[in-house]
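A look at the structure
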Amino acid sequence: MNTSLRRFSSLVAVLALVLAGCSDPSNEAAESEAESQPDAAPEPVTWRFALEEIEGSVQDAYAQEFKRRIEERSDGGIEVDIYPYGALGTSSQLTEMLQDGAIELAFASPGHLADAIPEVGVFTLHFVLSDNTEVNRQVLSDERVLDLFQPLYNDEDMQLLGIVQEGWMIWSGDKPLRSPEDFKDFRIRTMTSPILVNSYEAYGANPTPTPYSEVYSGLQLGQIDGQVNPIFAIEEMSFYEEQDYLTSARHAQFISTVIASQDWYADLSDEHRELVDSVSAELNDWIDAVQIQYNEERLQKMLDEGGTEWVELTDAEREVFREASLDVRDVYIDNAGESGKEILDTILELVEEAEAETEG
Ligand code: 6CS
């Protein structure tokens, strides 16, 4: 997006925040007010945290726990306001607002963010991470991975705070999707980054990148045949109501990243910056347990309701998809260049090491 358009959308966002009646949008304002009235109890500073998902989602659970820990440990000095999906804009708009300093914290999923940072497209490739959640946690928290990504986020005025897994990506459709033949001409909705289109074209599908908010109507109106998301999202966004089958290939985890405005993060006091760092590090393990629970419970809920069938691919069926997915790694490297290749190689190496350790 060009600069004037970005400024315009940020202005609209700031207006939305003011109209929403949020407290003083500026940390500086709150801090200087406290200085000028030494006897008054200092006003808490407000940190705004925008989500790409609705209330009750995995991102919401993360943000609520982030808020609880930050507010408790700052002893009333900080208030975290959470904006669920729909309050401020689409995923890409949230990222732009954060880059312009209109919000302090947000989730940014690679499925949308790879437009701005092609290297994060690595998390949208299939069969790169392990099919073991524990192994993935170890890899995603590894300093080597974070150090490779941090300068790329900084170049885009963002600070990367953590990489979060939200559950296995599940294919929902009007039929089981057991082989690339089943995907032939299948109109599957993907997130908006172009690399996802390549992933599904490799299976013979007809991918349609669309914002999250338009998926349900797309299914309802028959504009798409299916979509791909973790179980909790398929349930809470009601996608399953329009679909007969859920197919699990364990081909990828839904990955999101937790980001802060880089200027805001750099201007924090040492104490507040350490608080942000420690709470986000703690929440990596915490959210893994929560997402597993959410995904299990919501699958049960959908199956109990009836009308949705669960299909689990065999190892042999998965292998056919794995082989079909491999050429897309070259497309990723063409887009993301040397730094993208280094990231892909590092992740593959770390997954192999961690899997060997786990099996050992
Ligand atoms: O499919 C999407 O676009 C969205 N899915 C999830 C689970 N979270 C955010 C993302 O935008």
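Residues numbered from 1 in each chain as written. Predicted model: local features only at pLDDT ≥ 70, side-chain atom pairs only at ≥ 80, totals over all residues. Heavy atoms only, no water.

What about the side chain of R329?
Operational definition: Every helix listed is a DSSP run of H or I at least four residues long, and every strand listed is a run of E at least two residues long, numbered separately from the N terminus. What qualifies as a polar contact is a pair of N or O atoms within 3.5 Å, subject to a donor-acceptor requirement within protein and to the restriction that residues adjacent in sequence count only when both atoms come from side chains. Throughout, a contact is declared for two residues whenever any of their heavy atoms are within 4.5 Å.
By secondary structure assignment, the location of R329 is in helix α15 (residues 328-359). A polar atom in the side chain of R329 sits 3.0 Å from the backbone oxygen of F127. Ignoring anything within four residues of it in the chain, the contact list for R329 reads L125, H126, F127, V128, L344 and L348.

So, the site of the ligand
Selection criterion: Residues are counted as near a molecule or strand when any one of their heavy atoms sits within 4 Å of it. Note on areas: Shrake-Rupley, 1.4 Å probe, and residue coverage restricted to the protein chains presented here. Throughout, the ten residues Ala, Val, Leu, Ile, Met, Phe, Trp, Tyr, Cys and Pro are labelled nonpolar, Asp, Glu, Lys and Arg are labelled charged, and all others, Gly among them, are labelled polar.
In the neighbourhood of the ligand, the contacting residues comprise E52, E53, S91, H112, R189, M191, Y212, N229, P230, A233 and F254. One of the side-chain N or O atoms of E53 is found 2.7 Å from a nitrogen atom in the ligand. About the coverage of the ligand: the protein hides 100% of its 300 Å² of free accessible area. By residue class, the composition of the shell around the ligand is five nonpolar, three polar and three charged.

Considering a negative patch on the surface
Definition in use: The patches described consist of residues with a relative accessible area above 30% and no salt bridge, like charges being joined within 9 Å and nonpolar side chains (Val, Leu, Ile, Met, Phe, Trp, Tyr) within 5 Å. Salt bridges are counted wherever a side-chain nitrogen of Lys or Arg sits within 4 Å of a carboxyl oxygen of Asp or Glu. The charged-residue count follows a simple rule in which Lys and Arg add positive charge and Asp and Glu add negative charge, with His and chain termini not counted at all. Here the site of a charge means atom NZ of a Lys, CZ of an Arg, CG of an Asp or CD of a Glu. Only protein chains enter the accessibility calculation, which uses a 1.4 Å probe. A residue is then buried if its area is under 20% of the maximum for its type, exposed if over 50%, and partly exposed in between.
Residues D155, D157, D263 and D267 make up a contiguous surface patch of negative charge. On the basis of relative accessibility, which here comes to 66%, the residue D267 falls in the exposed class.

Things to note about the nonpolar core
Spelled out, the test is: We call a set of buried Ala, Val, Leu, Ile, Met, Phe, Trp, Tyr and Cys residues a nonpolar core when their side-chain atoms join them within 4.5 Å.
Membership of the largest hydrophobic core comes to 46 residues, with the highest contact counts inside it found for W47, F49, Y62 and F66. The greatest single-element share of this core, amounting to nine residues, is contributed by helix α13 (residues 270-305). Listed in part, the 42 residues of the second largest apolar core include A108, L129, I255 and L350.

Concerning the pairing of strand β7 (residues 226-229)
Spelled out, the test is: Here a strand pair is declared whenever DSSP counts at least two bridges between the two strands.
Taking every second residue as pointing to the same face, both faces of β7 are buried, with G226 and V228 on one and Q227 and N229 on the other. Of the pairings in the sheet, the one linking strand β5 (residues 187-190) to β7 comprises two bridges and is parallel in character. Its bridge partner being in β7, R189 is matched across the sheet by Q227.

Focus on the confidence of the model for the protein chain
Stated formally: The quantity called pLDDT is the predictor's confidence in a given residue, expressed from 0 to 100.
On average, the protein chain scores 91 in pLDDT, and the residues at 70 or more come to 89%. Counted against residues more than four places away or in other chains, residues 1-12, with its pLDDT under 50, gives twelve contacts. Ignoring residues within four places in sequence, the model shows residues 18-35, a span with pLDDT below 50, making 21 contacts including any to other chains.

Some words on the packing of aromatic side chains
The condition that has to hold: Aromatic rings from Phe, Tyr and Trp, taking only the six-membered ring of Trp, are treated as a pair when their centres fall within 6.5 Å; an angle between ring planes under 30 degrees marks them as stacked, one over 60 as edge-to-face, and anything in between as tilted. For a ring to carry a charge above it, either NZ of a lysine or CZ of an arginine must fall within 6 Å of the ring centroid while also lying within 35 degrees of the normal to the ring plane.
Applying the stated criterion to the full structure yields 19 aromatic pairs. Ring geometry for W171 and F183: centres 4.9 Å apart, planes at 90 degrees, overall edge-to-face. Residue W171 is located in strand β4 (residues 158-173), and its partner F183 is located in helix α8 (residues 180-183); the two are separated by twelve residues in the primary sequence. W171 gets classed as buried once you look at its relative accessible area, which sits at 0%. Taken together, W171, F183, F186, Y200, Y203 and F321 form an aromatic cluster joined through their ring pairs. Over the face of the ring belonging to Y265 we find R273, whose NZ or CZ atom lies 5.9 Å from the ring centre.

Brief notes about the pattern of salt bridges
Enumeration according to the criterion identifies 20 salt bridges in this entry. For K341, the salt bridge goes to D345, with nearest N and O atoms at 2.8 Å. Highlighted residues: K341 and D345, both in helix α15, separated by four residues, approximately one helical turn. Salt bridges here are not isolated pairs; linked through shared partners, they connect E65, R68, R69, E72, R73 and E282.

As for unusual backbone geometry
Positioned with a positive phi, F127 is a non-glycine residue whose angle comes to about 60 degrees. By the secondary structure assignment, F127 is in the loop between α5 (110-113) and α6 (133-140). Looking at F127, the relative accessible area reads 10%, which means it is buried. Residue D157 is not a glycine yet carries a positive backbone phi of 65 degrees. Within the secondary structure, D157 is located in the loop between α7 (143-155) and β4.

Observations concerning α6
Residues spaced three or four apart along an α-helix face the same direction, because each turn holds 3.6 residues. For α6, the tally of buried residues reaches six of eight residues, placing the bulk of the element in the interior. Considered for burial, the residues of α6 that qualify are T133, V135, N136, R137, V139 and L140. Contacts from the buried residues of α6 go to α7, β4, β8 (245-261), α13 and α15.

Section: the environment of L303
Residue placement: L303 occurs in helix α13. For L303, a relative accessible area of 30% translates into the label partly exposed. Setting aside residues no more than four positions away along its own chain, L303 makes contact with T308 and W310.

Focus: the environment of T124
Inspection of the secondary structure puts T124 in the loop between α5 and α6. Separated by 69 residues in the primary sequence, T124 and S193 have C-alpha atoms spaced 8.9 Å apart. Non-local contacts of T124, meaning those with residues more than four positions away in its chain, are made with P110, G111, I195, L196 and S199. Side-chain polar atoms of T124 contact the backbone oxygen of G121, separated by 2.7 Å.

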